[in-house]
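Chains, contacts and geometry: an overview
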Amino acid sequence: MSPHSVLEHVFGYRSFRGEQETIVSHVAGGGDALVLMPTGGGKSLCYQIPALLRDGCGVVVSPLIALMQDQVDALKELGVAAAYLNSSLNQEEARDVENAFINGQLKMLYVAPERLVTPRFMALLKRAHIGLFAIDEAHCVSQWGHDFRPEYLALSLLADEFPGIPRIALTATADHATRTEMIGRLRLEDAQKFVSSFDRPNLRYAMVEKKNARDQLLTFIRREHEGDSGIVYCLSRKKVEDTAAWLKAKEINALPYHAGLDVSVRTKNQQQFIRQEGVVMVATIAFGMGIDKPDVRFVAHLDLPKSIENYYQETGRAGRDGLPANTWLAYGLQDLILLNSMIDNSGSPDMQKLVERRKLDAMLGLVEATACRRQTLLGYFGEASQPCGNCDNCINPPKLVEMTEAARKALSCIFRTGNRFGVGHLVDILQGKATPKVKEHFHDRITTFGIGKEVDESSWRAVFRQLLARGAVRLNESGHGGLELTDAARPLLKGETSLFLRERTEKFNYKGEKGSDFVASSDQALWQALRRRRKELADEQNVPAYIIFGDATLKEMVRLRPGDHYEMSRVSGIGDRKLEKYGNDFLKVIEENH
Ligand code: ADP
Ligand code: ZN
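Owing to the predicted nature of the structure, the values given are computational and were not obtained by experimental measurement.

Rules used in this analysis
- All residue numbers refer to positions counted from 1 along the written sequence of the respective chain.
- Whichever chain is written first becomes A and whichever ligand is written first becomes 1, with later ones labelled in order.
- Thresholds applied to this predicted model are a pLDDT of at least 70 for local features of residues and 80 or more for the giving and counting of side-chain atom pairs; totals over whole chains, interfaces and linings are not thresholded and use all residues.
- The side-chain values count all of the structure's non-hydrogen atoms but skip hydrogen atoms and water molecules.
- By the criteria applied, helices consist of DSSP H or I runs no shorter than four residues and strands consist of E runs no shorter than two, each listed in order from the N terminus.
- Only protein chains enter the area calculation, which uses a 1.4 Å probe; residues under 20% of their type maximum are buried, those over 50% are exposed, and those in between are partly exposed.
- By definition, residues are in contact when any of their heavy atoms lie within 4.5 Å.
- In short, Shrake-Rupley with a 1.4 Å probe defines the accessible areas, and a residue's cover is counted only from the protein chains shown.
- By definition, two strands form a pair when at least two bridges between them are found by DSSP.
- Only C-alpha atoms enter the line fits that serve as axes; for helices the fit covers just the stretch in contact. Angles between N-to-C directions range over 0 to 180 degrees.
- Coordination partners: N, O, S within 2.8 Å of the metal, 3.2 Å for Na, K and Ca; water not considered, so apparent gaps in a site are possible.
- A cutoff of 4 Å decides nearness: a residue is near a molecule or strand if any of its heavy atoms lies inside that distance of it.
- The term polar contact refers here to a pair of N or O atoms within 3.5 Å; inside protein, the definition further demands a hydrogen-donor-capable atom paired with an acceptor-capable atom, and it admits residues adjacent in sequence only when both atoms are side-chain atoms.
- Under this grouping Gly is polar, as are all residues other than the nonpolar Ala, Val, Leu, Ile, Met, Phe, Trp, Tyr, Cys and Pro and the charged Asp, Glu, Lys and Arg.
- Take the number of residues in a helix, subtract one, and multiply by 1.5 Å to get its expected span.

1. Re the overall build of the chain
Counting secondary structure elements, the chain contains 27 helices and 17 strands. Taking the principal axes of its C-alpha atoms as reference, the chain extends roughly 90 × 60 × 45 Å. Classification of the 594 residues of the chain by burial places 53% in the buried group. Contacts spanning at least 24 positions in sequence make up 73% of the contacts within the chain whose residues lie at least 6 apart. When the accessible surface of the chain is split by element, carbon and sulfur atoms take 49% of a total near 26,200 Å².

2. With respect to the sheet that holds strand 13 (residues 325-331)
Reading across the sheet, the six strands line up as 8-13-12-9-11-10 and stay open at both edges, with parallel pairing between neighbours. The strands lining the two open edges of the sheet, one partner per strand, are strand 8 (203-209) and strand 10 (254-257). Geometrically, the sheet is characterised by an average inter-axis angle of 20 degrees between neighbouring strands, direction not taken into account. Pairing of strand 12 (residues 296-301) with strand 13 involves four bridges; the strand directions are parallel. Across the sheet, the residue bridging to phenylalanine 298 is asparagine 326, located in strand 13.

3. What to know about the coordination of the zinc ion (ligand 2)
Surrounding the zinc ion (ligand 2) are the protein donor atoms Cys372 (SG), Cys388 (SG), Cys391 (SG) and Cys394 (SG), which sit 2.3 to 2.4 Å from the metal. Ordering the donors of the zinc ion (ligand 2) by residue number gives the pattern C-x15-C-x2-C-x2-C. Taken together, the residues span a long stretch of sequence, with cysteine 372 in the loop between helix 15 (350-368) and helix 16 (373-380) and cysteine 388 in the loop between helix 16 and helix 17 (392-395) at a distance of 16 residues.

4. Thoughts on the site of ligand 1
As a structural note, the neighbourhood of ligand 1 is formed by 14 residues, with Tyr13, Gly40, Lys43, Ser44 and Arg320 the closest of them. Contact between ligand 1 and serine 15: a nitrogen atom at 2.9 Å from a main-chain N or O atom of the residue. Arginine 17 is positioned such that a nitrogen or oxygen atom in its side chain is 3.2 Å from an oxygen atom of ligand 1. Alone, ligand 1 offers 560 Å² of accessible surface; in the complex the protein occludes 81% of this. No other element matches helix 3 (residues 43-53), which puts three residues into the shell around ligand 1. Of the residues belonging to the shell around ligand 1, the class tally is four nonpolar, seven polar and three charged.

5. Some details on helix 10 (residues 213-224)
Here helix 10 spans 16 Å end to end across twelve residues, near enough to the 16 Å set by a 1.5 Å rise per residue. For helix 10, the full list of buried residues reads Ala213, Gln216, Leu217, Leu218, Phe220, Ile221 and Glu224. Of the surrounding secondary structure, the elements contacted by the buried residues of helix 10 are strand 8, strand 9 (229-233), helix 11 (237-249), strand 12 and strand 13.

6. Thoughts on helix 3
Buried residues dominate helix 3, accounting for eight of its eleven residues. Within the sequence span of helix 3, burial applies to Lys43, Leu45, Cys46, Tyr47, Gln48, Ile49, Pro50 and Ala51.

Spelled out as structure tokens, the structure:
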């Protein structure tokens, strides 16, 4: 069989994406590979197809039980002899899998890393016929990343013990340091490197200023994502619980998830998120890795992420299926103050604090950007691109208003009050409000008192955020949000440079042409009927709905309205096995909804 016929007959796809074909040929031909591809890029096929093409069984190292289970369920649905070995199996079940493996009855075996490297399992591997090793989520070998798994370190063994067997390592982690570390630790110096663009064109990026963030979130969900699955990230556990309860009271099907919840509750909530449709998970960043759910339609942030890396990874969980998805972030000055004081109080070495502050600055630069978000984001990872047409700034270019004069007043006010005070107090002084605190410090007697009455409070806050984003001011070491000037303030004060603010427009429509509302209203009846049938079939087999068919496949059924098996086989995502198993079911639904 050729790679292409496996793609078509087993997986039901018409063509390879991006570099998939080159990678598949390289690995199927026995070469080692390091694959860097964004989430949703289609990494799985890069090792699954070579495993099917080569003699022997493909052994896949995967860090998470839930993920393995999903992949194996999906492969079985396609008629592939696949199994997994992890701690969720009892001894007898594990023994059966091992026997099938040694007897050459499996085409693909998923194994947890800690099991793979035990002497007992190594001996087993020696007796089996292995086609390739795939190391999924390979960045787990990096000690600097937050997904570090010590068990991954031992995987370098594979290079020595099985020199003739191709190894393919895959990750969606983009940054350079992790890349280099992976190559060294996994002994992939001689492997061919395949680096894809990290762009996620189906994700729409939007960022708004916080006013009443919860209400803003609710409006966003109601307007754009009624009945969709989504994730809402919050910084603290308490906020997770409060927000989930609040959304629930507003009749959004929301659940909380954070590391402080009982394991059984966490597992249950995660299960519901994966199995049911339309669950909104409100979570700390403890939630995410290994969430392979392809139809997450939005990721919202109620708090500023610590870095662009975090933001990219978290938003990346939306739209794995390639269909349009929204990312939405609400930010305010308070976020910045909080994150800064968290860095200050972290007890980390100074060098690390410096790195963390730089990362936070870059994140602030992104939220304050007036140019294309995607360009800024990709640029941070060293990738050049054109304005995308699918972010808030491209769709609704902000009008810029010159605020140089106000910026100078703000800087002067910081200076006159001794580089000590926070934004609230500074704005009071600028607006000439003689609050008790202003009086206490005699700030109603300084020259900057009342010199900015013409500018409203939220514009003043925007000015201060811009000054922070440019590095003209920074938070001082008090940890209470006090601002101080930096050298970068000088050109502004001297009138050598200007400062522009985006005029705040509230009416950004997230939907638009590429939005997530992708089924026309005249097709809604069929779409809903197909979804119902899918859910019934999924429930019968106790698997998530997307294991039967992804939304992209159902959507294509709506578009093509196949009338017989041949036409059905032309639908993307329907291979031989699924056609045989479900073809009639779905043809019937289509006929009934004519
Ligand atoms: P990753 O592991 O890189 O996040 P996956 O391997 O899970 O991505 O693939 C993401 C989605 O894209 C899956 O639903 C998969 O079936 C689909 N997909 C992958 N390759 C193709 C292709 N060549 N044609 C159509 N769909 C594809
Ligand atoms: Zn853009």
